[in-house]
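# Observations on the model geometry
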Amino acid sequence: MPRRSLSKIQGKRDLAHYFIPMEVEYPDARVDPEAAALAQPGDGADKVARVSYASLSGLTSAELQDKLFGRVAPLEFEIGSGKGLFISEAASSVPDHNFLGVEIAYRYALISATRLAKKGATNGVMMNADAAKVLREIIPFNSLTAAHIYFPDPWWKKAHRKRRIVRPDVVAAIEARLTRGGKLHFWTDVKEYFDSGVEIIKLATRLVGPFPIPERPYADEMDFLTHFERRTRLDEKPVYRSYFVKE
């Protein structure tokens, strides 16, 4: 089934509260060819300057959350939000937590922000950026209640696997930013990535795990954690799930 165009999804909705755009180009950023046109005045992307990426660097957890959400609450961080099913549903169902999602592809970051805006979930914000850079430059130590990595790009070619997000430097950075009792969730539909990712987390961090997550029945075709989980399970293929805990 062809995807709907982003202009129809976004429409004239004001995303000022929900979207922080990328301010620099990253070598590995696979920005959709339509991104430049989408960022022109008149499509709504000119209304997203409430805060800038640069203004978020070096803040304490309370300062960061006040700037993003206007309040301080348990903070959850999603790496690779895709089209935003997880972050939009989580922000709506857990209103006493704050959710920051990061997506390197402009088009999908904008879709995710639009989902949050449609729900009026002011405890959710999307950032179009490199998640490893955000961890290093913006997320303070000991500030995250949870980090979520769901169905990350497997980068199939061996020469490209260094680009995988589940790698030693990234998982070590996540560990340093989790609070005590905080959780790192890692799901994928690629068995090789799951096995290697779990091993990397065990070797590069002191997080306890992995703990399994039982597969739950779904009520309908929208009752899934992410769009990738929906597609995978409706195709009757396995999903590999785990989480780790910081003691």
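A brief structural summary. Predicted model, so just to flag it, every value in this text is computed and none were measured. (Residues numbered from 1 in each chain as written. Predicted model: local features only at pLDDT ≥ 70, side-chain atom pairs only at ≥ 80, totals over all residues. Heavy atoms only, no water.)

## Regarding the packing of aromatic side chains
To describe a pair of aromatic rings, one takes the distance between the centres and the angle between the planes. Rules: Between rings of Phe, Tyr and Trp, where Trp is taken as its six-membered ring, a pair exists when centres lie within 6.5 Å; planes separated by under 30 degrees are stacked, by over 60 edge-to-face, and by other angles tilted. The helix and strand labels rest on DSSP assignments: H or I over at least four residues marks a helix, E over at least two residues marks a strand, and numbering proceeds from the N terminus. Each residue gets one of three labels from its accessible area relative to the maximum for its type: buried under 20%, exposed over 50%, partly exposed in between, using a 1.4 Å probe on protein chains only. Comment: the charge-over-ring label is applied if NZ (Lys) or CZ (Arg) is within 6 Å of the ring centre and within 35 degrees of the ring normal.
Overall, the coordinates contain seven aromatic pairs when judged by the stated rule. Arranged with centres 5.1 Å apart and planes meeting at 65 degrees, the rings of F86 and Y150 form a pair that is edge-to-face. Taken as a pair, F86 in helix α4 (residues 85-93) and Y150 in strand β5 (residues 144-150) lie far apart in primary sequence, 64 residues in all. Each member of the pair, F86 as well as Y150, carries the same accessibility label: buried. On the numbers, 5.4 Å between centres and 75 degrees between planes, the contact of Y150 with W187 is edge-to-face. Of this pair, Y150 sits in strand β5 while W187 sits in strand β6 (residues 178-188); the two residues are 37 residues apart in sequence, bridging distant segments of the chain. Judged on exposure class, the residue Y150 and its partner W187 are both buried. Lying across the ring of Y193, R164 places its NZ or CZ 4.2 Å from the centre. Over the face of the ring belonging to Y240 we find K191, whose NZ or CZ atom lies 6.0 Å from the ring centre.

## Re unusual backbone geometry
The peptide bond linking G209 to P210 adopts the cis configuration, its omega dihedral lying at 5 degrees. Examined against the element boundaries, P210 turns out to sit in strand β7 (residues 208-212). Even without a glycine there, the phi angle at N142 is positive, about 55 degrees. As for its position among the elements, N142 is in the loop between α6 (131-137) and β5.

## A few points about the sheet that holds strand β3 (residues 98-103)
The following threshold applies: Paired strands, in this sense, are two strands between which DSSP finds at least two bridges. We call two residues in contact whenever any of their non-hydrogen atoms come within 4.5 Å of each other. Note on method: axes are straight lines fitted to C-alpha atoms, helices fitted across the in-contact stretch only, with angles between N-to-C directions ranging 0 to 180 degrees.
Ordered in space as β1-β4-β3-β2-β5-β6-β8-β7, the eight strands form an open sheet in which the pairing is mixed. Either end of the sheet is taken by a strand with one partner, and the two such strands are β1 (19-20) and β7. Pairing between β1 and strand β4 (residues 124-128): two bridges, direction parallel. Bridging across to β4, I20 finds its partner in M127. Helix α3 (residues 61-69) contacts β1, β2 (75-79), β3 and β4 of the sheet and is inclined by roughly 80 degrees relative to β3. Against the sheet, α4 makes contact with β2, β3, β4 and β5, and its axis sits at roughly 170 degrees relative to β3, the strand it touches most.

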